[in-house]
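Chain and residue survey
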Amino acid sequence: MKLKYLNHYNKDTQSQVVKLIEAQQLGNHLLKKYPSTHSFKNDKALFEYTIDIKNAYMKKSPPLSKTIYDGKLSVIHNALGTHHFISRVQGSKLKVKNEIRVASMFKQVPKQFLEMIVVHELAHFKEKEHNKAFYKLCSYMQPSYHQVEFDLRLYLTYVDLEGKIGDCR
């Protein structure tokens, strides 16, 4: 079985996931860890949530102009969220706007998954590359970042198999 979201994990980890899938327990496993979804269902709530995280951990970073759910983003293109730095010349000044777009499928996921996406995109404001400093910043903002990222990959595998977004029931 090919696990496209887990292909860079070791064979033992992949084997454990395959066993969960074959026993039809992947959804139950996720539901036990993450029993409910978040309440940030619209762009305004998502923006406020993102600002709260940014203000708690990245006060000195440039301001955030916009955070929205984007129905055009898809996991197929390896984009769970995106960050944009838009530069515009206004008179003699260069104005930069920072935006985050989160795939719409994340309107119906556990809060920890949404937080992981937001933290990941905010970290790109300071660190452009996926390097050691980037992941250190992610872990600073969300101490369980690496576990939640793995669980999100399990969730995406579940969605692929079951064709359902949201609850793992």
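Residues numbered from 1 in each chain as written. Predicted model: local features only at pLDDT ≥ 70, side-chain atom pairs only at ≥ 80, totals over all residues. Heavy atoms only, no water.

A tally of regular secondary structure across the chain gives 6 helices and 3 strands. N-terminal to C-terminal, the α/β element order of the chain is α-α-α-β-β-β-α-α-α. Out of the 169 residues in the chain, the part that is buried amounts to 44%. Across the chain, the fraction of contacts at a sequence separation of at least 24, relative to all contacts at a separation of at least 6, is 64%. Counting every atom, the chain has about 9,900 Å² of accessible surface; 51% of that belongs to carbon and sulfur. (Helix = DSSP H or I, 4+ residues; strand = E, 2+ residues; numbered from the N terminus. Buried < 20%, exposed > 50% of the residue type's maximum accessible area, 1.4 Å probe, protein only. Contact = heavy atoms within 4.5 Å. Areas by Shrake-Rupley, 256 points an atom, 1.4 Å probe, with all protein chains shown as cover.)

Attention now goes to the packing of aromatic side chains. Under the criterion given, the structure shown has 7 aromatic pairs. Relative to tyrosine 140, the ring of tyrosine 57 lies with its centre 5.2 Å away and its plane at 85°, an arrangement referred to as edge-to-face. Taken together, the residues tyrosine 57 in helix 3 (residues 43-57) and tyrosine 140 in helix 5 (residues 132-141) connect sequence positions 83 residues apart. Clustering of aromatic rings is evident, with ring pairs tying together Tyr34, Phe113 and Tyr155. (Phe/Tyr/Trp six-rings, centres within 6.5 Å; stacked < 30°, edge-to-face > 60°.)

Across the interface, helix 1 (residues 11-22) lies against helix 6 (residues 145-162) with an axial gap of 12 Å and an inter-helix angle of 40°. In terms of their interaxial angle, helix 1 and helix 6 are classed as oblique. Between helix 1 and helix 6 lies a crossing whose hand is right-handed. Contact with helix 1, carried on its side by Thr13, Val17 and Ile21, involves Phe150, Leu154, Thr157 and Leu161 of helix 6 and no other residues of that element. Of the residues assigned to the contact of helix 1 with helix 6, the class counts are 5 nonpolar, 2 polar and no charged. (Axes fitted to C-alpha atoms, helices over the stretch in contact; angles between N-to-C directions. Parallel < 35°, antiparallel > 145°, perpendicular 65-115°, else oblique. Left-handed = near helix turned anticlockwise from the far one by under 90°. Nonpolar A, V, L, I, M, F, W, Y, C, P; charged D, E, K, R; others polar.)

Our focus in this paragraph is the pattern of salt bridges. Any two side chains of opposite charge can pair if their charged atoms end up close together. Following the criterion strictly, the structure yields 6 salt bridges and no others. Across the salt bridge formed by lysine 66 and glutamate 99, the nearest N and O atoms sit 3.9 Å from each other. One end of the pair, lysine 66, is in strand 1 (residues 66-70); the other, glutamate 99, is in strand 3 (residues 93-103), and 33 residues separate them in sequence. Two residues, glutamate 99 and arginine 101, come together in a salt bridge whose shortest N-O distance is 3.5 Å. The network of salt bridges with common partners includes Lys66, Asp70, Glu99 and Arg101. (Salt bridge = Lys/Arg side-chain N within 4 Å of Asp/Glu carboxyl O.)

A few words now on helix 6. With 18 residues, helix 6 should reach 26 Å at 1.5 Å per residue; the first-to-last C-alpha distance of 25 Å fits that figure. Looking only at helix 6, the buried set comprises Tyr145, Val148, Glu149, Phe150, Asp151, Leu152, Leu154, Tyr155, Leu156, Thr157, Tyr158 and Val159. (Expected span 1.5 Å × (residues − 1).)

Turning our eyes to something else, we now look at the nonpolar core. Membership of the largest hydrophobic core comes to 47 residues, with the highest contact counts inside it found for Val102, Phe106, Leu114, Leu122, Met141, Leu152 and Tyr155. At the level of elements, helix 1, helix 2 (26-33), helix 3, strand 3, helix 4 (111-126), helix 5 and helix 6 are the ones that each hand at least two residues to this core. (Core = buried A, V, L, I, M, F, W, Y, C linked by side-chain atoms within 4.5 Å.)

Turning our eyes to something else, we now look at the packing of helix 2 against helix 6. The relative placement of two packed helices comes down to the angle between their axes together with the axis-to-axis distance. Contact geometry of helix 2 with helix 6 gives a least axis separation of 10 Å together with a crossing angle of 140°. In terms of orientation, helix 2 and helix 6 fall into the oblique class. The handedness of the crossing between helix 2 and helix 6 is left-handed. Of the residues in helix 6, those in contact with Leu26, Gly27, His29, Leu30 and Lys33 of helix 2 are Gln147, Asp151, Leu154, Tyr155, Thr157 and Tyr158. Across the contact of helix 2 with helix 6, the residue classes break down as 5 nonpolar, 4 polar and 2 charged.

So, about unusual backbone geometry. If you check the backbone angles, glutamine 24 has positive phi at about 55° while not being a glycine. With respect to the element layout, glutamine 24 can be found in the loop between helix 1 and helix 2. We classify glutamine 24 as exposed; its relative accessible area is 70%.

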